[in-house]
Amino acid sequence: MSEIKNYTINFGPQHPAAHGVLRLILEMDGEVIVHADPHIGLLHRGTEKLAESKPFNHSIGYMDRLDYVSMMCNEHGYVKSIEKLLNIEAPIRAQYIRTMFDEITRILNHLMWIGTHGLDLGAMTLFLYAFREREYLMDCYEAVSGARMHATYYRPGGVYRDLPDYMPKHAESKWTKGKALKEANSWREGSLLDFIEHFTDYFPEKIAEYNTLLTDNRIWKQRTVNIGIVSPERALQLGFTGPMLRGSGIEWDLRKKQTYAAYDKMDFDIPIGVNGDSYDRYLVRMEEMVQSNSIIKQCVKWLKENPGPVMLDDYKVAPPNRDAMKNDMESMIHHFKLFTEGYTVPKGEAYAAVEAPKGEFGVYLVADDSNKPFRMKVRAPGFAHLSAMNEMVKGSMLGDVVSVIGTMDVVFGEIDR
Amino acid sequence: MNDKKMSLEKKLKSQFGDLISNIVNQYGEITCEVTPENWQQICQQLRDDDQFSFEQLIDLCGIDYLTFGEAEWDTDGVSSTGFSRGISNKGPGRFSWEERETELIDKRFAVVVHLLSIKHNMRIRLKCFAPDTGVLAVPSLIKIWSVADWFEREAFDLFGIIFVGHPDLRRILTDYGFIGHPFRKDFPLIGNVEVRYDEEKGRVVYEPVSIEPRVTIPKTIRKDARYAENQEQLEGDS
């Protein structure tokens, strides 16, 4: 018998199941993985260094581009950190809007995750279904900020503007006209809130549809049950947060435990797993979508009843409106200073974290009385999760690597920063 | 919440005494400084001692304190020609690789750790200044929290801080064969090399950057009414 040696294979960085630009060096013993060494940084853009060279507000847009499938949650973390340093708080209506959009973002993220995770493991249909629903939520993003993804909607002191009173409608085209056009615009007759309400009524049956496709699916279970098991002790050691930690059975959710925005006024549950395998994390995320849907519903109800300001009335941080800027000298000066120099932030350091769809997204800011952050560090949940790659795939088969990458829900925008 | 924080401050003082210095309670967050000699021992105790039980290392990062508190634009004085133009200073956006100067200041590099206790639902921030002379080294926390592995590799990559005891201290975020530590304040924002495909050589080549460094908005320091308020609140907190 000839001598058998381990061999090394290169997975990625351009591999459809690598979820971006992950390069994995896998040391294989036959079909079994002996050691996995993820190489990251192929998407490193130096976001933190760039932020140090810009006034505080200029970096909000960079936050969208970190975890580019949960945009507004990233903004929330950054804005919250600045608010902490400035000792300001957004008006209550802005808090509710943030809560609502954080949850919309969570559904956006989880839909993306279930779509691509399913696709990796051979469930093509789900990908198409998930993207169909994502489209509605992207329309909400667009209605409120003008951009489908990179919204830059949250600002220190509130949100950029109030929710619009009308939804943009589909125009008549060769394919959509007459009855079909009416059908396509049927949700869009009222305001954005009406549109979101329609969505929340529509979405639960779609989740049920996904469950029918996957939860008891034999192939799905074969690919996820008992794959990538992490014990609660190890999950803590490995710095897991969010669904990765809850999948291992630890009940920890910043929305409940270190509450922020309007989450303390919301009624929702935290799903947790039992076995800590890919399948449990799948169940946790599916239930999170149901809970998010219910939170959005509660926010819509409140927002419909309670109009009010969405931005702090403080010209040192928030720009005056156009009318004031054109007609009032003081406002004009404030406007000019805000957009040329920005505001200065008192010396100090603060860490603010939000429960992003992937886990704890935190921003650590060091300010030195100037208009730019002295140091900004983004604590990306995916970074800690991916660092556990070797431990999670060691001893399993090559095919399980794909399942583990999927269950980690990694996005390289935030890992490489 | 605040009560718990206060008691954490007291507990730290009674448990560690002089081993922990500069305990600051700001914005409801506790920050304290630890020397590299006591770094591992204190972290170990913070994890294992029941009154702290910080099971999770949430974040670890480096900081370079060069140019801390230095403005690029003098806004206090004004002459007959107006305010200063704010075009000359040594911020990272203003110089290229060749004209950089390496400077030594006291307490320049620090490692900052954020810990989270799930049991007691509290956070703490620890800071460890690397020695100013000799090797820029801080003990590794990898034995205490496994997640420190990549965080320490990142801090090494970006700041050049060496973590003693780390088994595999490689670069992580920058390119293969990268030179320098890009998040240091004396590393230019535009970097030092640019990459292009050379038609004649038939391969990708690295060349010195051709971009001129430029800053559109200078760093400005201003103190307004909010500082006084913050200061009052800080004093009220402690």
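Residues numbered from 1 in each chain as written. Chains lettered and ligands numbered in written order. Predicted model: local features only at pLDDT ≥ 70, side-chain atom pairs only at ≥ 80, totals over all residues. Heavy atoms only, no water.

Enquirer: I'd like to hear about the sheet that holds strand β7 (residues 359-367) of chain A, residue by residue, with values.
Expert: Residue and element names in this part refer to chain A. With antiparallel pairing, the 3 strands of this open sheet are ordered in space as β6-β7-β8. Here the strands that pair on one side only, and so sit at the sheet edges, are β6 (348-356) and β8 (375-379). The sheet shows a mean angle of 10 degrees between the axes of neighbouring strands, direction not considered. Relative to β8, β7 is paired through 5 bridges, and the arrangement is antiparallel. Residue pairing in the sheet places G362 in a bridge with R379 of β8. (Pairing = 2+ DSSP bridges. Helix = DSSP H or I, 4+ residues; strand = E, 2+ residues; numbered from the N terminus. Axes fitted to C-alpha atoms, helices over the stretch in contact; angles between N-to-C directions.)

Enquirer: Give me the interface of chain B and chain A: which residues, what numbers.
Expert: The figure often quoted for interface size is the accessible area lost as the parts come together. Across the boundary between the two partners, chain B contributes 66 residues, which contact 67 residues of chain A. Of the roughly 5600 Å² buried between chain B and chain A, counting both surfaces, carbon and sulfur atoms make up 55%. Where chain B touches chain A, the interface holds 9 salt bridges. For the side of chain B that touches chain A, the secondary-structure elements that each account for two or more residues are β2 (29-34), β3 (56-64), β4 (109-117), β5 (122-129), α3 (148-159) and α4 (225-237) of chain B. The element best represented in the side of chain B that touches chain A is β3 of chain B, accounting for 9 residues. Its residues placed into classes, the side of chain B that touches chain A shows 34 nonpolar, 13 polar and 19 charged. (Contact = heavy atoms within 4.5 Å. Buried area = accessible area lost by both parts, 1.4 Å probe. Salt bridge = Lys/Arg side-chain N within 4 Å of Asp/Glu carboxyl O. Nonpolar A, V, L, I, M, F, W, Y, C, P; charged D, E, K, R; others polar.)

Enquirer: Describe in detail the sheet that holds β5 of chain B, supporting the description with residues and values.
Expert: Residue and element names in this part refer to chain B. One open sheet accounts for 5 strands, arranged β1-β2-β5-β4-β3; its pairing is mixed. One side of each edge strand has no neighbouring strand; the edge strands of this open sheet are β1 (20-26) and β3. This sheet shows a mean twist of 20 degrees between the axes of neighbouring strands, independent of strand direction. As judged from the 8 bridges shared by β4 and β5, these two strands associate in the antiparallel manner. When the sheet's bridge partners are listed, V111 is paired in β5 with C128. Each of β1, β2, β4 and β5 touches helix α2 (residues 39-48); the most contacted strand, β5, lies at about 175 degrees to it.

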